[in-house]
Amino acid sequence: MKSNPYAAIQSQYETFPRVGKRIADYILEDPVHVTSISVQQMARELSIAESSIIRFCKNIGCSGFSEMKLMLAKYAPKSIRIIFEDLSETDSVESITQNVFNRNIDTLQRALDCLDLEKVAQAAELMSQAKKILILGVGASGTIADDLYIRLMRVGLSAESFTDSHLMQIAASQCDADAVVFGISHTGKSHEIVSAMDLARSCGSKTISMTGYPNTPIEKVSDICMELYSPEQLFVSPRVAQVSLLDSLYVALSIRQKEYVVQNIKRMNDALTDFRL
């Protein structure tokens, strides 16, 4: 499945060089116009080389300019869902809620369009073979790390989460080839996460990461780096996409060990029976 070019451009925008950002701005400002012109005309209008445009097309997952035009037409957004431009202080909570839900739905669709599903499959395979899974995250990503740990624990998988920068270094130093280290960093630049993953890798562990941007430091220390679309609007959280991706991994792992998982869920429910009113 080819990527949604709008989502790919927005996700990678900060990593583009100056010319790349000019091309991106040009496309996003009037994609309909871009679909109606040749690469030669676009190069003239931007006063850049045709090769720069072709290189840009390949960077966002298209084979060339012609395919990019087809994908722009295919994924043309029916409407641009925004928040502050559509809402005011007098809007009802119902209206605000509808806008937020719509934006999150849009974020999920764009994230799915951008996601490399082969990497998700590879991550599930590595995690299913691991004897121990270490999940790392700090700040907001720390709560995501804890959530994944709880999910894996509930189905009987050996996992731990570390959100303290010092403890994760210690845990990483004690890893071996039987462990998988899963780092979560939206920016991909969290020094403590990158450092711990690099250390674990030097001890023989496989490393997986989840981030919101391509070509980041965390990718360099990851055997598998899963990149998600990152909404740029204020108050639109990438968390909805992050949780959905982790849910996908959680379900994929559970399906692979169905009987074992069912037994563990039963034992968990039995253990919690006396705590429910």
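Only a predicted model underlies this, so the values are computations on that prediction, with no experimental measurement involved.

(A) Representation of the overall build of the protein within the structure. Of regular secondary structure, the protein possesses 14 helices and 5 strands. Residues classed as buried in the protein amount to 44% of the 277 residues present. For the protein, contacts bridging at least 24 residues in sequence account for 69% of all contacts bridging at least 6. In the form shown here, the protein has an accessible surface area of approximately 14,800 Å², with 54% of it arising from carbon and sulfur atoms. Each charge class in the protein was averaged separately, 28 positive and 33 negative side chains, and the resulting centres sit 5 Å apart.

(B) Summary view of the confidence of the model for the protein. Overall, the predicted model of the protein reaches an average pLDDT of 87, with 93% of residues at or above 70. In this model residues 79–84 is a low-confidence stretch, pLDDT under 50, and it forms 11 contacts with partners more than four residues away in sequence or in other chains.

(C) A look at a nonpolar patch on the surface. Taken together, the side chains of I96, V100, F101 and I105 present a nonpolar region at the surface, about 350 Å² in accessible area. If you trace the backbone, I96 turns up in helix α7 (residues 93–114).

(D) Broad picture of helix α14 (residues 258–272). Its 15 residues give α14 an end-to-end C-alpha distance of 21 Å, which sits within 8% of 21 Å, the value for a rise of 1.5 Å per residue. Every buried residue of α14 is accounted for by V261, N264 and M268. All buried residues of α14 fall inside an arc of 65 degrees around its axis, so they share one side. Residues of α14 that are exposed and angled more than 90 degrees away from the buried face: K258, E259 and K266. Close packing links the buried residues of α14 with α9 (140–154) and α13 (239–256).

(E) Summary view of the packing of α7 against α13. At a closest axis distance of 9 Å, the pairing of α7 and α13 adopts a crossing angle of 50 degrees. Judged by the angle between their axes, α7 and α13 are oblique. Between α7 and α13 lies a crossing of right-handed hand. Of the residues in α13, those touching α7 at N104, T107, L108 and A111 are V240, A241 and S244.

(F) Main features of the pattern of salt bridges. Enumeration according to the criterion identifies 7 salt bridges in this entry. For R151, the salt bridge identified is with D147, shortest N-O distance 2.9 Å. With R151 and D147 both in helix α9 and 4 residues apart, the pair spans about one turn of that helix. Salt bridges sharing common partners tie together D147, R151 and D247.

(G) Region of the structure containing the sheet that holds strand β4 (residues 206–211). Read across the open sheet, the 5 strands follow the order β2-β1-β3-β4-β5; overall the sheet is parallel. Both outer strands of the open sheet, β2 (159–162) and β5 (224–227), are each paired with one neighbouring strand and no more. When strand polarity is set aside, the average angle formed by the axes of neighbouring strands in this sheet is 15 degrees. Of the pairings in the sheet, the one linking β4 to β5 comprises 4 bridges and is parallel in character. Bridge pairing links I208 to I224 in β5. Its contacts with the sheet put helix α11 (residues 191–202) on β1 (132–136), β3 (179–184) and β4, and the angle it makes with β3 is roughly 165 degrees.

(H) Helix α10 (residues 165–173), seen in detail. Listed in full, the buried residues belonging to α10 are M168, Q169, A171 and A172. Down the axis of α10, the smallest arc covering the buried residues is 165 degrees, so these residues share one side. Where the residues of α10 are buried, they touch β1, β2 and α11. Taking the backbone nitrogen of H166 as reference, a side-chain oxygen 2.9 Å away marks D164 as the first, capping residue of α10.

(I) Fine view of the packing of aromatic side chains. In the structure shown here, the tally under the stated rule is 2 aromatic pairs. Taking the centre distance of 5.0 Å and the plane angle of 50 degrees together, the rings of F16 and F56 count as tilted. With F16 in the loop between α1 (5–12) and α2 (18–29) and F56 in helix α5 (residues 50–59), the pair connects residues that are 40 residues apart, well separated along the chain. Residue classification places F16 among the buried residues on the basis of a relative accessible area of 7%. The ring of Y250 is capped by R151, whose NZ or CZ atom sits 5.8 Å from the centre of that ring.

(J) Spatial organisation of the packing of α1 against α2. Relative to each other, α1 and α2 sit at 140 degrees, their axes nearing to 11 Å. Looking at the two axes, α1 sits oblique to α2. Crossing of α1 against α2: the hand is left-handed. Every residue of α2 that contacts α1 at Y6, I9 and Q10 is listed here: A24, I27 and L28. Its residues assigned to classes, the contact of α1 with α2 comprises 5 nonpolar, 1 polar and no charged.

Basis of the calculations
- Residues numbered from 1 in each chain as written.
- Predicted model: local features only at pLDDT ≥ 70, side-chain atom pairs only at ≥ 80, totals over all residues.
- Heavy atoms only, no water.
- Helix = DSSP H or I, 4+ residues; strand = E, 2+ residues; numbered from the N terminus.
- Buried < 20%, exposed > 50% of the residue type's maximum accessible area, 1.4 Å probe, protein only.
- Contact = heavy atoms within 4.5 Å.
- Areas by Shrake-Rupley, 256 points an atom, 1.4 Å probe, with all protein chains shown as cover.
- Lys, Arg positive; Asp, Glu negative; His and termini not counted.
- Charge placed at Lys NZ, Arg CZ, Asp CG, Glu CD.
- pLDDT = per-residue confidence, 0-100.
- Patch = residues over 30% accessible without salt bridge, like charges linked within 9 Å, V, L, I, M, F, W, Y side chains within 5 Å.
- Salt bridge = Lys/Arg side-chain N within 4 Å of Asp/Glu carboxyl O.
- Expected span 1.5 Å × (residues − 1).
- Arc of directions from axis to C-beta.
- Axes fitted to C-alpha atoms, helices over the stretch in contact; angles between N-to-C directions.
- Parallel < 35°, antiparallel > 145°, perpendicular 65-115°, else oblique.
- Left-handed = near helix turned anticlockwise from the far one by under 90°.
- Pairing = 2+ DSSP bridges.
- Polar contact = N/O pair within 3.5 Å; in protein donor to acceptor, adjacent residues only side chain to side chain.
- Phe/Tyr/Trp six-rings, centres within 6.5 Å; stacked < 30°, edge-to-face > 60°.
- Lys NZ or Arg CZ within 6 Å of the ring centre and 35° of its normal.
- Nonpolar A, V, L, I, M, F, W, Y, C, P; charged D, E, K, R; others polar.

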